[in-house]
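# Observations on the model geometry
Listed here are the chains, written in short residue letters.
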Amino acid sequence: MEEKDRRCPRGKLHCHNWLEDIPGGVADFDIIEVQFKNTRKGYYRNSAKLDLEIGDTVAVEAIPGHDIGVVTLKGRLVALQMKRANIKPDAEIRRVFRKAKPVDIEKYEEAKARENDTMIRSRKIAESLHLNMKIGDVEYQGDGNKAIFYYIADERVDFRQLIKVLADTFKVRIEMKQIGARQEAGRIGGIGSCGRPLCCASWMTNFVSVGTSAARYQDISLNPQKLAGQCAKLKCCLNFEVDAYVESVRRMPSREARLETADSTYYHFKTDIFKKEITYSTDKQLAANLVTIDAQRAFEVIEMNRRGEKPLQLMRDGDEKPGLKGKPIDLASQDDLTRFDKSKKKKRKKNKSAASSASSSADESKSEKKKENSGNESVSSASGGDAGMVHAGQRKPRPQKNRGQRRQNSDTSSGGESRPSQDSRGGSGESGNMEGRPKRIPKAFRDNRE
């Protein structure tokens, strides 16, 4: 039984046979339901009294030849499904030939492998004939003698020439079937914006017209990109809860009602159906002095206005003031493309501030070291003589560079004659070499020595 359940197709054509366990042959029926590719199904008579179970692959009668399908339902429920599909009792019902043999399945797999290539080539042929149509899918019959072309067109198309070209190209019998955009999405399948398989490809059996009024009742923004599905039509799920919203709106005050108070007149701004709260504004077009009250309070104010009375304020005494509520959530910010970059920018700012604080601490430590070094030099100069002493109230002298001091001493001792400065480390033997040097030491060399 587990193997049969595994082979049984799950989807919109699957139906639980709740009459299967009734004894006495009450639930027996000689017609079975067979499913073919995607959404196509048919009803066939089991005239040979074959022992068929749900999930068996059978060969059924077709014109011409035979077709291959899977049994999806049997018993008395098939009669109910035929009634739902508007199949008359006196309609011609084709018969089941046999259970599919390995040879039949092999031919079916070969024909199925040609469907994608046939669809692409047929689209090019239709384009070359300048036909305003789109071929959405191609389905081969089980024996490969016939091909069904499903197409979409906004207007009537004369495809007689197309049928001749397709028959000469693929050497099979051609059948054209027009479908809508929703039927095409159901045949192809896919994943919806909710993350689940498409409803039209999983469980929906019929399509109901969807209007923008369903979105208005549910206070959904009329954004075509969000309201449209993969078929480029309005999503079918807009009709799933619209009845509950319509029933809830009837229990709310009218949107045209105005609430009169002693200080101002309030107009309807928005309605929260889940909380049963209404927000009113003192301006018809703009959000000014918004006040949110429940539906019961709104009915009370409306009744007071009918009697000619005006309350002092719109809210009840003791209720929370509108200014004490939290900051409203901006739903439009959800569509912002840079909403994921805000946290990164904050992290970058934190990193930059940490780096700047570290660099500032490093600069402070360097400045402190320089101050210590300058203090040591001043102490050493003070020990050498009274010229380096600092008296109270006097400005601390700036330490002079050693090489500049030596150059000044050499200039004063020479009495105006220019002599090259000698290094204190150099002996008397180096004095002859120092005569050939320039009078002024280059700045780069002086900085390196320092």
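Thresholds, definitions, all that
- Residues numbered from 1 in each chain as written.
- Predicted model: local features only at pLDDT ≥ 70, side-chain atom pairs only at ≥ 80, totals over all residues.
- Heavy atoms only, no water.
- pLDDT = per-residue confidence, 0-100.
- Contact = heavy atoms within 4.5 Å.
- Core = buried A, V, L, I, M, F, W, Y, C linked by side-chain atoms within 4.5 Å.
- Buried < 20%, exposed > 50% of the residue type's maximum accessible area, 1.4 Å probe, protein only.
- Helix = DSSP H or I, 4+ residues; strand = E, 2+ residues; numbered from the N terminus.
- Pairing = 2+ DSSP bridges.
- Axes fitted to C-alpha atoms, helices over the stretch in contact; angles between N-to-C directions.
- Salt bridge = Lys/Arg side-chain N within 4 Å of Asp/Glu carboxyl O.
- Arc of directions from axis to C-beta.
- Phe/Tyr/Trp six-rings, centres within 6.5 Å; stacked < 30°, edge-to-face > 60°.
- Disulfide = S-S within 2.5 Å.

On to the confidence of the model for the chain. When pLDDT is averaged across the chain, the result is 76; 64% of the residues are at 70 or more. Contacts of residues 1–13 to residues separated by more than four positions or lying in other chains number 26 contacts, the stretch itself having pLDDT below 50. Every residue in residues 378–393 scores below 50 in pLDDT, and together they form seven contacts with partners more than four places removed in sequence or on other chains.

Here we come to the nonpolar core. Ranked by internal contacts, the top residues of the largest apolar core, which has 21 residues, are Met133, Ile135, Phe149, Leu162 and Met176. Not counting chain neighbours up to four residues away, the residues in contact with Met176 comprise Met133, Phe149, Tyr151, Phe159, Leu162 and Ile163.

We now examine unusual backbone geometry. Of note, the amide linkage connecting Ile63 to Pro64 takes the cis form, showing an omega dihedral of -5°. In this structure, Pro64 sits in the loop between β3 (57–61) and β4 (66–73). We note that Lys171 has phi near 60°; this positive angle belongs to a residue other than glycine. As for its placement among the helices and strands, Lys171 is situated in the loop between α5 (160–170) and β8 (173–178). Of note in this structure, Ala232 is not a glycine but carries a positive phi near 65°. Residue placement: Ala232 occurs in the loop between α9 (224–227) and α10 (242–250).

What follows concerns the sheet that holds strand β1 (residues 31–35). Strand pairing in a sheet relies on backbone hydrogen bonds. The paired strands run either parallel or antiparallel. Around the barrel, five strands lie side by side as β1-β2-β5-β3-β4; this closed barrel has mixed pairing. Averaged over neighbouring strand pairs, the angle between their axes works out to 55° when direction is ignored. Two elements, β1 and strand β2 (residues 41–45), share five bridges in a ladder whose sense is antiparallel. Directly across from Ile31, in β2, lies its bridge partner Arg45. Across the sheet, helix α2 (residues 77–84) lies against β1, β2 and β4, angled at about 65° from β1, the strand it touches most.

The next subject is the pattern of salt bridges. Within the structure shown, the criterion is met by 19 salt bridges. Taking the shortest distance from any N to any O, the salt bridge between Lys134 and Glu184 comes out at 3.1 Å. With Lys134 in strand β6 (residues 134–140) and Glu184 in helix α6 (residues 181–188), the pair connects residues that are 50 residues apart, well separated along the chain. In this structure, Arg297 engages Glu300 in a salt bridge whose closest nitrogen and oxygen atoms are separated by 3.5 Å. Linking Arg297 with Glu300, this pair stays in helix α11 (residues 295–306), spanning three residues, or about one helical turn. Look at Arg297 and you get buried, because its relative accessible area is 10%. Since its relative accessible area comes to 30%, Glu300 is described here as partly exposed. Sharing partners across several salt bridges, the network here consists of Asp294, Arg297, Glu300 and Arg316.

Buried within α10 we find Val242, Tyr245 and Val246. In an axial view of α10, the angular spread of the buried residues amounts to 100°, which keeps them on one side of the axis.

Right, let's get into the packing of aromatic side chains. Summed over all chains, the structure comprises four aromatic pairs. Their ring planes at 40° and their centres at 6.4 Å tell us that Phe149 and Phe170 sit as a pair that is tilted. Linking Phe149 in strand β7 (residues 146–152) with Phe170 in helix α5, this pair joins segments that are 21 residues apart in sequence. In terms of burial, Phe149 and Phe170 fall into one category: buried.

What the three strands build is an open sheet, ordered β6-β7-β8; its pairing is mixed. Among the strands making up the open sheet, the edge pair consists of β6 and β8. The average angle at which neighbouring strand axes cross in this sheet is 25°, direction not considered. Bridge analysis of β6 against β7 gives six bridges, and the strand direction is antiparallel. For Asp137, the partnering residue across the bridge sits in β7 and is Tyr150. Sheet strands touched by helix α4 (residues 115–128): β6 and β7. Its angle to β6, the strand with the most contacts, is close to 145°.

This paragraph deals with the state of the cysteines. Tallying each qualifying case throughout the model produces zero disulfides. In this structure Cys194 is not part of a disulfide, and its nearest cysteine sulfur, from Cys199, lies 6.4 Å away. Given a relative accessible area of 60%, Cys194 falls into the exposed group. Not engaged in a disulfide, the cysteine Cys231 finds its nearest cysteine sulfur in Cys236; these two sulfurs lie 6.3 Å apart.

Turning next to the environment of Leu162. Relative to the assigned elements, Leu162 resides in helix α5. The exposure class assigned to Leu162 is buried, which follows from its relative accessible area of 0%. The sequence separation of Leu162 and Leu129 amounts to 33 residues, and the corresponding C-alpha distance is 7.5 Å. Ignoring anything within four residues of it in the chain, the contact list for Leu162 reads Ile125, Ala126, Leu129, Leu131, Met133 and Met176.

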